[in-house]
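Architecture at a glance
Residues per chain are reported as follows:
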Amino acid sequence: MSDSQANGPEANGMLDQRRSFFYPDSSSDTEEYCRDTEERRKRLSKRNGSSIRGRMPPKNQSQSVPTPSTSTQEPPRNGQKSQLIDDRITLVVDNTRFVVDPSQFTAHPNTMLGRMFSSGLEFTHPNDRGEYEVAEGISATVFRAILEYYRGGTIRCPPTVSVQELREACDYLLVPFDANTVRCQNLRGLLHELSNEGARRQFESFLERLILPLMVESAQRGDRECHVVVLLDDDAVEWDEQYPPQMGDEYSQTVLSTPLYRFFKYIENRDVAKQVMKERGLKKIRLGVEGYPTYKEKVRKRPGGRAEVIYNYVQRPFIHMSWEKEEAKSRHVDFQCFKSKSVTNLAEATADPVIELEPNRVRDEEVPEPSPEVGGEEEGQ
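Scoring rules and cut-offs
- Residues numbered from 1 in each chain as written.
- Predicted model: local features only at pLDDT ≥ 70, side-chain atom pairs only at ≥ 80, totals over all residues.
- Heavy atoms only, no water.
- Pairing = 2+ DSSP bridges.
- Helix = DSSP H or I, 4+ residues; strand = E, 2+ residues; numbered from the N terminus.
- Disulfide = S-S within 2.5 Å.
- Axes fitted to C-alpha atoms, helices over the stretch in contact; angles between N-to-C directions.
- Contact = heavy atoms within 4.5 Å.
- Core = buried A, V, L, I, M, F, W, Y, C linked by side-chain atoms within 4.5 Å.
- Buried < 20%, exposed > 50% of the residue type's maximum accessible area, 1.4 Å probe, protein only.
- Patch = residues over 30% accessible without salt bridge, like charges linked within 9 Å, V, L, I, M, F, W, Y side chains within 5 Å.
- Areas by Shrake-Rupley, 256 points an atom, 1.4 Å probe, with all protein chains shown as cover.
- Salt bridge = Lys/Arg side-chain N within 4 Å of Asp/Glu carboxyl O.
- Phe/Tyr/Trp six-rings, centres within 6.5 Å; stacked < 30°, edge-to-face > 60°.
- pLDDT = per-residue confidence, 0-100.

**Comments concerning the sheet that holds strand β3 (residues 132–133)**
If you trace the 3 strands from one edge of the open sheet to the other, you get β2-β1-β3, paired in mixed fashion. Edge strands, defined here as strands with exactly one partner in the open sheet, are β2 (96–100) and β3. Taken together, the 5 bridges between strand β1 (residues 89–93) and β2 define a ladder with antiparallel strand orientation. Looking at β2, one finds that Leu91 is bridged to Phe98.

Given below as structure tokens:
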């Protein structure tokens, strides 16, 4: 666009006057025209720049405006709080409600609560209020202490709770009970429970390695029970074949094991062993100490030529068990329930109720009492 077109007819007149004043071949005409053109371009650039700056936001404002991605990734705080509340569940234990986060349980999948809430609540059913009733038979105080295991990995036994009660609750909920997880003021009770756990593991090993082979041997022989005497490793048993010791009716077997002998020295270990065998389904379990003959000391002749053998006896623990429910009873009929009809006293026979297939008929009929004469004749005969 030329200068004449931009400024109109008045600008053209002024240009003609200037051109008439200067020489055509003068260089000042060109310089003046270039200067006017440069000033015009600057004015246009300033005008366009101001309009652009009016449309663009200021720098500080552009930095403060959040991007769409940021606003979608961060929900409001009220929404986060409501979401956390919705994720929590309510457990009812001993008529007490505990609001907990199930993620604490799923972090320990080997425990009972971890198994219950780690599979999408498929094996748990809430009540009408949407609450879960768990840990039946466990007090709220004990359950509150066990919840500390899921939060910090340790359990502090309350002073009002016995260590045995806490131990039983841990066994029920499959929570580990050991020196690393339990903190207790009552050291005697804690060590007693730890000893019971150690004794259980130790006897289960003895039962599998030493006692079970003897039980299998007795079963293969046709016996229904087993009597095992525990001897020391250095005990020497030498019986005389001609004069064996009198052992009674029970056929005993022996096992040489000094560790098992030391195990049965404590009454508490015997109780643990008895409980383990009960859990295995064994019956008529007896544990104790008895005398066991080791070697022959001398043979003494009694009047009539009968020999009496004297053996050396040592006191050793024994264990007796059976794998049958009851002895000398049939599976179908127990004959001990019926009274014998072969009686010799007539008065005793009439005193017993008459056993017939129709009990109503027995009520109507009366059994005649024997007369003194019949009794006298019976006695005379």
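On we go.
**With respect to the state of the cysteines**
Counted under the stated rule, the structure contains 0 disulfides. Of all cysteine sulfurs, the one in Cys184 lies closest to Cys157, which takes part in no disulfide; the gap is 4.3 Å. The structure places no disulfide on Cys170, whose sulfur is separated from the nearest cysteine sulfur, that of Cys157, by 9.0 Å.

**Quick word on the sheet that holds strand β7 (residues 252–256)**
In spatial order, the strands read β7-β6-β9-β8; together these 4 strands make up an open sheet with mixed pairing. On the outer flanks of this sheet lie β7 and β8 (283–301), each paired with one strand and no other. Averaged over neighbouring strand pairs, the angle between their axes works out to 40° when direction is ignored. Bridge count between strand β6 (residues 225–231) and β7: 5 bridges; the pairing is parallel. Opposite Val230, over in β7, you have Val255 as the bridge partner. Where helix α11 (residues 187–221) meets the sheet, it contacts β6, β7 and β9 (307–322), and its direction lies at approximately 150° from that of β7. Lying over the sheet, helix α13 (residues 267–279) contacts β8 and β9, oriented at roughly 115° with respect to β8.

**Quick word on the nonpolar core**
Residues Leu91, Phe143, Ile146 and Leu166 are the most contacted members of the largest nonpolar core, which totals 35 residues. Of all the secondary-structure elements, those providing two or more residues to this core are β1, β2, α8 (112–117), α9 (140–152) and α10 (163–173). Considering each element in turn, this core owes the most residues, 8 residues, to α9. Dropping the residues within four chain positions of it, Leu166 is found in contact with Val142, Ile146, Ile155, Cys157, Val161, Phe177 and Val182.

**Considerations on a nonpolar patch on the surface**
There is a patch of nonpolar side chains on the surface, built from Val237, Trp239 and Met247 and spanning about 230 Å² of accessible area. Tracing the sequence through the fold places Trp239 in the loop between β6 and β7.

**Description of the packing of aromatic side chains**
With the rule as written, the count across this model stands at 10 aromatic pairs. Arranged with centres 5.8 Å apart and planes meeting at 15°, the rings of Phe203 and Phe263 form a pair that is stacked. Here Phe203, found in helix α11, pairs with Phe263, found in helix α12 (residues 258–263); they are 60 residues apart in sequence, far enough to count as distant. We note that Phe203, like Phe263, is buried.

**Description of the pattern of salt bridges**
Enumeration according to the criterion identifies 12 salt bridges in this entry. A salt bridge links Glu208 to Arg280, with the nearest nitrogen and oxygen atoms 3.1 Å apart. On the criterion of sequence distance, the pair formed by Glu208 in helix α11 and Arg280 in the loop between α13 and β8 is long-range, its members being 72 residues apart. Arg280 sits in the partly exposed class, given a relative accessible area of 45%. With a closest N to O distance of 2.8 Å, Arg316 and Asp235 form a salt bridge. Within this pair, whereas Arg316 is found in strand β9, its partner Asp235 is found in the loop between β6 and β7, the two being separated by 81 residues in sequence. Under the relative-accessibility criterion, Arg316 is labelled buried at 10%. On the basis of relative accessible area, Asp235 is assigned to the buried category, the value being 16%. Counted as one network, the salt bridges with shared partners bring together Arg167, Asp171, Glu193, Glu197 and Arg201.

**Overview of the confidence of the model for the chain**
Here the chain shows a mean pLDDT of 74. Residues at 70 or above account for 60%. Mean pLDDT in the chain bottoms out at helix α5 (residues 68–73), which sits at 37, and peaks at α12, which reaches 96. Below pLDDT 50 for its whole length, residues 1–6 participates in 5 contacts with residues either more than four positions away or in separate chains. Contacts for the low-pLDDT stretch residues 78–85, under 50 throughout, to residues beyond four places or in other chains number 1 contact.

**Some details on the environment of Val182**
Within the secondary structure layout, Val182 lies in strand β5 (residues 182–183). As for Val182 and Ala145, which are separated by 37 residues in sequence, their C-alpha atoms are 10.0 Å apart.

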